[in-house]
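Chain by chain, the residues:
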Amino acid sequence: MSTALSRPDGAAADWTIPQGWDAYTATEHDTWDRLFARQAKMLRDRATPEFLEGLDRLKLSDGGIPDFEQLSERLMKATGWQVVAVPGLVPDDVFFDHLANRRFVAGNFIRTPEQFDYLEEPDVFHDVFGHVPLLANPVFADYMQAYGQGGQRAAAMGAIDKLARLYWYTVEFGLVRAGDGLKLYGAGIVSSYTESVFALDDPSPNRLGFDLQRLMRTKYRIDDFQQNYFVIDSFEQLLDATLNTDFGPLYAELADAPDIEIETILPTDRVFTHGTQAYARAKAPAPTPSPR
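Residues numbered from 1 in each chain as written. Predicted model: local features only at pLDDT ≥ 70, side-chain atom pairs only at ≥ 80, totals over all residues. Heavy atoms only, no water.

Q: Any details on the overall build of the protein chain? Residues and values, ideally.
A: For the protein chain, the helix and strand inventory stands at 13 helices and seven strands. Its C-alpha atoms give the protein chain a radius of gyration of 19 Å, within 12% of the compact-globule value 19 Å for 292 residues. The buried share among the 292 residues of the protein chain stands at 51%. Look at the contacts in the protein chain between residues 6 or more apart in sequence, and 69% of them connect residues 24 or more apart. Just so you have it, the protein chain exposes about 13800 Å², and 50% of that area is on carbon and sulfur atoms. (Helix = DSSP H or I, 4+ residues; strand = E, 2+ residues; numbered from the N terminus. Rg over C-alpha atoms; globule rule 2.2 N^0.38 Å. Buried < 20%, exposed > 50% of the residue type's maximum accessible area, 1.4 Å probe, protein only. Contact = heavy atoms within 4.5 Å. Areas by Shrake-Rupley, 256 points an atom, 1.4 Å probe, with all protein chains shown as cover.)

Next up, the structure:
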C-alpha cells in the first residue's frame, strides 16, 4: 500500500485489473513453480501449521501461477475472501477498502528469473504464496478484515503511519509461538528463502513478545532483514487485540510518545531473543572520518 500514487490507465476505480492469466508465459509459470517448490520444502518445519494447511486447502501446489478466479472460489468457500488483481502498489484508502470488504489485492506480475531471490515491489508470488494461505484460516481472515476497517478509521485520524507498523510486524514479518519454539507466519518471511532461515535461526535480531502499543511505536526497516520480530501467542490474541482496543485514545497517546529505535530492548519487553544485532551492524556504513 502507498499514498502518493496515480491510477494506471486501464485500472478500474478500485484499481483492479484483469489478471490476464492466459497471457502468462511458460517461463513465468516455471518461475512460480521453482519458487513454490523451494519455499514449500523450506517451510515444512518452519511455518505455522495454519499456513501449511492453507497451501493445501487452496491447492496452491497444483502447478503454475494460480488463476485468481479459481483461487477465489476456493477461498470464498473457506472464509468469504477473494483475490483481486492490481497493477502493483495501491493507495492506502483503496487497500483498506478492499481488506474491509474481504478482498485481497495481489499484483498480477511475477519477478524475472534474474530477480529470483529479491525484488523491491511485491509480485504475485509474494502476494499469493505469502499472504493468501492464511486467509483460509477463519481467525486470521477476520483479523485482516478488522485491520482494513481499522485502517479506514486510522486514515480519518491521521494515524496511518502507526497502524502500518502493526501490519508490518504481524502480517508481513510476524512470528508465532509453537510450544517451546517459534514458527513463521508473516508473508514477507515465508515468501523469502533467506529470511525464512534468518528470522528463526540467526542470533542477530530481537524476538519480542507482542505488545500492541509498543509495536506501534517501533520503527522498522524496509531495506534488509528485520532487526526485530514480534511474537504472538496465537492468531486469537492478534484478533482480540484488534477488536477490543479503542484505537482513538491509543492514537492520541501515541502522538505524544517518541518512536522507539529499532534495536531497543525495553525493561517491559517479553524477550524471547535478545539479539546481537551483528548482522545489521556489519552492514551499517562506516562513519565518515572527521576533517583534520
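So much for the structure itself; the text now carries on.
Q: I'd like to hear about the packing of helix 4 (residues 92-100) against helix 6 (residues 138-157), residue by residue, with values.
A: Interaxial distance between helix 4 and helix 6 falls to 7 Å at its minimum, and their mutual angle equals 140 degrees. Classified by the angle between their axes, helix 4 and helix 6 sit oblique to one another. Helix 6 is crossed by helix 4, and the crossing has left-handed handedness. Contact with helix 4, carried on its side by Phe96, Asp97, Leu99 and Ala100, involves Met144, Gln145, Tyr147, Gly148, Gln149, Gly151 and Gln152 of helix 6 and no other residues of that element. Counted by class, the contact of helix 4 with helix 6 contains five nonpolar, five polar and one charged residues. (Axes fitted to C-alpha atoms, helices over the stretch in contact; angles between N-to-C directions. Parallel < 35°, antiparallel > 145°, perpendicular 65-115°, else oblique. Left-handed = near helix turned anticlockwise from the far one by under 90°. Nonpolar A, V, L, I, M, F, W, Y, C, P; charged D, E, K, R; others polar.)

Q: Lay out helix 11 (residues 235-243) in plain terms, naming residues and giving numbers.
A: Those residues of helix 11 not exposed but buried are Phe235, Leu238, Leu239, Ala241 and Thr242. In a view along the axis of helix 11, the buried residues occupy a sector of 160 degrees, so they form one face of it. Against helix 2 (49-57), helix 6, helix 7 (160-172), helix 10 (212-217), strand 6 (228-232) and helix 12 (247-255) lie the buried residues of helix 11. (Arc of directions from axis to C-beta.)

Q: Which residues make up the pattern of salt bridges, and what are the values?
A: Per the counting criterion, the structure on display carries 15 salt bridges. Its salt-bridge partner being Arg103, residue Asp97 comes within 3.2 Å of it at the nearest N-O pair. Of the residues examined, Arg103 reaches a relative accessible area of 19% and is grouped as buried. In this structure, Lys283 engages Asp224 in a salt bridge whose closest nitrogen and oxygen atoms are separated by 2.8 Å. Of this pair, Lys283 sits in helix 13 (residues 278-283) while Asp224 sits in the loop between helix 10 and strand 6, and the two are 59 residues apart along the sequence. A single network of salt bridges, built from pairs that share partners, joins Arg177, Asp233 and Arg270. (Salt bridge = Lys/Arg side-chain N within 4 Å of Asp/Glu carboxyl O.)

Interpretation in functional terms is not warranted from these geometric data alone.
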